[in-house]
Each structure stands twice: as structure tokens, then as C-alpha cells.
Amino acid sequence: MMKKISAEKIVKPYVEGSLKTFLKGKGDLNWVTATIKVSNVRGEKLKNIFCELKKHGDSRRYQQVYQECRKQGWFKEKSKEEESKLFTRYKSAMTKLQGGK
């Protein structure tokens, strides 16, 4: 029987590796930010990766990618209240689409 592996166990090391590679001078800002974007690693998890790698490579490149992630809002996590509001809006929109059922 095969053991199930969570996506997080795969994605987090992938983001860490990509960020390390970027900090060593390989790849460009678009490449590393695209990697982070598709990973969906956000909030505290992304902050922790950055904290672990702060002294790992080129500080100028670190600041570049850090600022881009901040600009994209990837360090923020939605609060339960925000998620609830989004769900309420979604439910309302779906109800309207279904003819007010």
C-alpha cells in the first residue's frame, strides 16, 4: 500500500529550494515569484521560509523577492471573519444565479 504524502510536504521544500537558488544568483525575480505564486504557500508559512533563509545568500536579491511577495499580499492570511464574509458573498451570488432558490 502506498503512503499518502500531503501537498505541503512537497510544496514547502520546493519553495525553499527555489528561493535558495534565487538567492545564490540563479534565475530571475519573475521565475522565483512565479514559483511562489503557484505554490500557494502564504501567510506565516511563507514568512517562516523567508526567516530561515534571510542569511542564506545575496541580501539584495532577498530584499527584491521579499518586497515583491509583500506587494502581492502573500504574507497575509485571511482571518476567519474575512473567509466568512467571502463565503456569505459567494453563497448569495450562487443563490441569485440559481434564480433565488
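This one's a predicted model, so the numbers in the text were calculated from it and none came from an experiment.

Analysis parameters
Residues numbered from 1 in each chain as written. Predicted model: local features only at pLDDT ≥ 70, side-chain atom pairs only at ≥ 80, totals over all residues. Heavy atoms only, no water. Helix = DSSP H or I, 4+ residues; strand = E, 2+ residues; numbered from the N terminus. Buried < 20%, exposed > 50% of the residue type's maximum accessible area, 1.4 Å probe, protein only. Contact = heavy atoms within 4.5 Å. Areas by Shrake-Rupley, 256 points an atom, 1.4 Å probe, with all protein chains shown as cover. Salt bridge = Lys/Arg side-chain N within 4 Å of Asp/Glu carboxyl O. Expected span 1.5 Å × (residues − 1). Arc of directions from axis to C-beta. Polar contact = N/O pair within 3.5 Å; in protein donor to acceptor, adjacent residues only side chain to side chain. Core = buried A, V, L, I, M, F, W, Y, C linked by side-chain atoms within 4.5 Å.

(A) Geometry of the overall build of the protein. Per the secondary structure count, the protein includes five helices and zero strands. For the protein, the α and β elements follow one another from N to C terminus as α-α-α-α-α. Taken over 101 residues, the protein has a buried fraction of 24%. In the protein, once contacts between residues fewer than 6 apart in sequence are set aside, the share between residues at least 24 apart is 66%. Surface summary for the protein: the accessible area is close to 7,900 Å², and the carbon and sulfur share equals 53%.

(B) A look at the pattern of salt bridges. Using the criterion set out here, one finds four salt bridges in the structure. Between E44 and K47 there is a salt bridge, with the nearest N and O atoms lying 3.5 Å from each other. Here the residue E44 and the residue K47 both occupy positions in helix α3 (residues 43-52), the gap between them amounting to three residues, near one helical turn. Since its relative accessible area comes to 43%, E44 is described here as partly exposed.

(C) Quick look at helix α4 (residues 59-72). Between its first and last C-alpha atoms α4 spans 20 Å; for 14 residues at 1.5 Å apiece the expected length is 20 Å, and the two agree. Of all the positions in α4, only R61, Y62, V65, E68 and C69 are classed as buried. Along the axis of α4, the buried residues cluster in a sector spanning 135 degrees; they form a single face. Away from its buried face by more than 90 degrees, α4 exposes S59, R60 and K71. Buried-residue contacts for α4 involve α1 (7-23), α2 (29-39) and α3. The distance from a side-chain oxygen at the start of α4 to the backbone nitrogen of R60 is 2.8 Å, and the residue carrying that oxygen is D58. Following α4 by one or two positions, G73 has its phi on the positive side, about 80 degrees.

(D) Structural detail: the nonpolar core. Counting residues in hydrophobic clusters, the biggest one holds 16 residues, and the most contacted among them are L19, I36, L46, F50, V65 and C69. Of all elements in the fold, only α1, α2, α3 and α4 reach the threshold of two or more residues within this core. Apart from residues lying up to four places away in sequence, I36 is in contact with V15, V41, R42, L46, F50, V65, C69 and W74.

In short, shape yes, function no, at least from these values alone.
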